[in-house]
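# Summary of structural features
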Amino acid sequence: MSRPRIAVSLAALAAISMLAGCGAGGSGQGDGASAESLTFWTPQTTPERLAVQESVAAAFEDETGIAVEVVPMAGADADQAIATGAASGDVPDVVLLASPQVSAWNAQGLIDTAAAAAAVESLGAETFNEHALEAVTLDGTVSAVPSDGWTHLVAYRADLLEQAGVEAPTSVAELAAAATTIKEQLGITGLAFGTQPGTASATEGVQSIFQSAGCELVEDGTVTIDSPACVEAAEHFLTLRNSSTQGDMDVPAAQAAYLAGDAAMLLFSTHILDELNGLAEATPVTCGECAGDPQFLAKNSKFLTVIDEDNPRQYGAILSYVVPTGAQSEAAQQFIEYAMSSGYIESLSAAAEGRIPLRNGTAESPTEYIDAWGDLGIGVDGAATTAEVYGEEFVAEMGEGINSVYLWGMGTGDTTLAGLVSSQGVLAAQIEQLYNGASAEEVTAAMKQAVEEVQAGL
């Protein structure tokens, strides 16, 4: 339920094609002591995000004398280009990756884990988001340096919940009950979220609700998606899906329903924060009250940054820095440490609603970075900060939310399987049976069989 990514420019695409065909452009020296320049691949490819990263790189050069070339590189392109570069011995020096990629690259021997572990030790492991660090700790070794991410949250209209006589939910079960009551009492959608069978929207919706309900996909190599907790999660998912007055939704439709005032609650990524305040021209607020007050939704929305306080497992995304095998490791480590300290807040400043720090602070100031995040501008022009719009208490709650980020299989030998199940939409392909009257037990059993088929192919 992240905001659709903006395509990179034609020039960037051309650069990617060249890199995939003839190597990555890094020196592949493996010794950064005498490095004069580094190559950094980033999936943050929009013009404003590139500008910020280039500014951080320029400041690093001013301090160290080491130049950094910032190369926009979408995740799938990076996978292809690193294979070509590794074969020729020409690799980038630093890459920003999603956590499933970290696992895949590490399994192929493409990551210099010693450099990442040294950077985390230097910065202080205790200063990082514990779950994020767990996600990149593979076979007992820190393989990457967690940078930033986003999580799902539930935005809810406090005024409408009060009108329906519903308390703010504190678990998936309470969320499902509240959504049903709202539909019955107010005649609007209880919870808007992605439920269209077989789509990426449903994949995220299923994983978000299921894991927040205490369901595990796989444990120690055994597929457990048919466990009692998962059966109960499927029942809650169906109840939530049935709280819609508009039928099954994809992510944009769910977003539009809440922005129009046609849904009392919304399961969405943190990218919704600027849109609720009328700061996103592409997705304007359209509720009846919004015409006279574009900030109406922001003023009347509150948030569950952790859906289940007793089982804090928020679906989200984690981006981390890695040093490829054969890169200029010492200088690369130096750049990562700079980007995670002196340049950290600036690097998060573009589209801050989707780049929440995974390093909470420093040893001396444990919440320095999450606090500073609240003062960064949100929206295209950064016209307002999260703290200004939603308050300091919400910033603290977002710290709790991002520190609860969780992905099935993360940091275990089951990471690859969980990643494939997600990327292939395995669970979303089974969910329509639930809509058509099959029991939760039957559907989760079908899910288990489908997951085991993927597992057999590994």
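All of these numbers come straight from a predicted model, not from anything done at the bench.

## Side note on the confidence of the model for the protein chain
Residues with a pLDDT of 70 or more make up 92% of the protein chain, whose mean pLDDT is 90. In the model, residues 1-29 has pLDDT below 50 throughout and makes 67 contacts with residues more than four positions away in sequence or in other chains.

## A closer look at helix H5 (residues 113-123)
When H5 is considered as a whole, its buried residues turn out to be Ala115, Ala116, Ala119, Val120 and Leu123. For H5, the angular spread of buried residues about the axis comes to 135 degrees, placing them on one side. More than 90 degrees from the buried face of H5, the exposed residues found are Ala114 and Glu121. Where H5 is buried, its residues touch helix H6 (130-135), strand S5 (141-142), strand S6 (145-157) and helix H14 (329-339). A distance of 3.3 Å separates the backbone nitrogen of Ala114 from a side-chain oxygen at the start of H5, and that oxygen is part of Asp112. Positive phi appears at Gly124, one or two residues downstream of H5, with a value of about 105 degrees.

## Quick word on the packing of helix H2 (residues 47-64) against H14
H14 packs onto H2 with a crossing angle of 120 degrees between their chain directions and a minimal axis gap of 10 Å. The angle between the axes of H2 and H14 places the two elements in the oblique class. In this structure, the crossing between H2 and H14 has a hand that is right-handed. For the pair H2 and H14, contact is made by Val56, Ala57, Ala59, Phe60, Glu63 and Thr64 and by Ala331, Gln334, Phe335 and Tyr338, respectively. Taken together, the residues of the contact of H2 with H14 break down into 7 nonpolar, 2 polar and 1 charged.

## Description of the pattern of salt bridges
Opposite charge on two side chains lets them pair, provided their charged atoms get close. All chains considered together, the criterion is met by 6 salt bridges. Between Arg157 and Asp159 there is a salt bridge whose closest N-O contact spans 2.8 Å. Its salt-bridge partner being Asp293, residue Lys299 comes within 2.9 Å of it at the nearest N-O pair. Classification of Lys299 by relative accessible area gives exposed; the value is 59%.

## Thoughts on the packing of aromatic side chains
Counted under the stated rule, the structure contains 11 aromatic pairs. With a centroid separation of 5.0 Å and an interplanar angle of 85 degrees, the aromatic rings of Tyr344 and Tyr369 are classed as edge-to-face. With Tyr344 in helix H15 (residues 344-348) and Tyr369 in helix H16 (residues 368-373), the pair connects residues that are 25 residues apart, well separated along the chain. Overall, Tyr344 belongs to the buried group, its relative accessible area being 0%. Ring plane angle 55 degrees and centroid distance 5.4 Å describe the contact between Tyr390 and Phe394, whose orientation is recorded as tilted. In terms of burial, Tyr390 and Phe394 fall into one category: buried. Geometry around Tyr435 places Arg241 over its ring, the cationic atom sitting 3.9 Å from the centre. Taking NZ or CZ as reference, Arg313 lies 4.6 Å from the ring centre of Tyr406, over its face.

Calculation rules
- Residues numbered from 1 in each chain as written.
- Predicted model: local features only at pLDDT ≥ 70, side-chain atom pairs only at ≥ 80, totals over all residues.
- Heavy atoms only, no water.
- pLDDT = per-residue confidence, 0-100.
- Contact = heavy atoms within 4.5 Å.
- Buried < 20%, exposed > 50% of the residue type's maximum accessible area, 1.4 Å probe, protein only.
- Helix = DSSP H or I, 4+ residues; strand = E, 2+ residues; numbered from the N terminus.
- Arc of directions from axis to C-beta.
- Polar contact = N/O pair within 3.5 Å; in protein donor to acceptor, adjacent residues only side chain to side chain.
- Axes fitted to C-alpha atoms, helices over the stretch in contact; angles between N-to-C directions.
- Parallel < 35°, antiparallel > 145°, perpendicular 65-115°, else oblique.
- Left-handed = near helix turned anticlockwise from the far one by under 90°.
- Nonpolar A, V, L, I, M, F, W, Y, C, P; charged D, E, K, R; others polar.
- Salt bridge = Lys/Arg side-chain N within 4 Å of Asp/Glu carboxyl O.
- Phe/Tyr/Trp six-rings, centres within 6.5 Å; stacked < 30°, edge-to-face > 60°.
- Lys NZ or Arg CZ within 6 Å of the ring centre and 35° of its normal.

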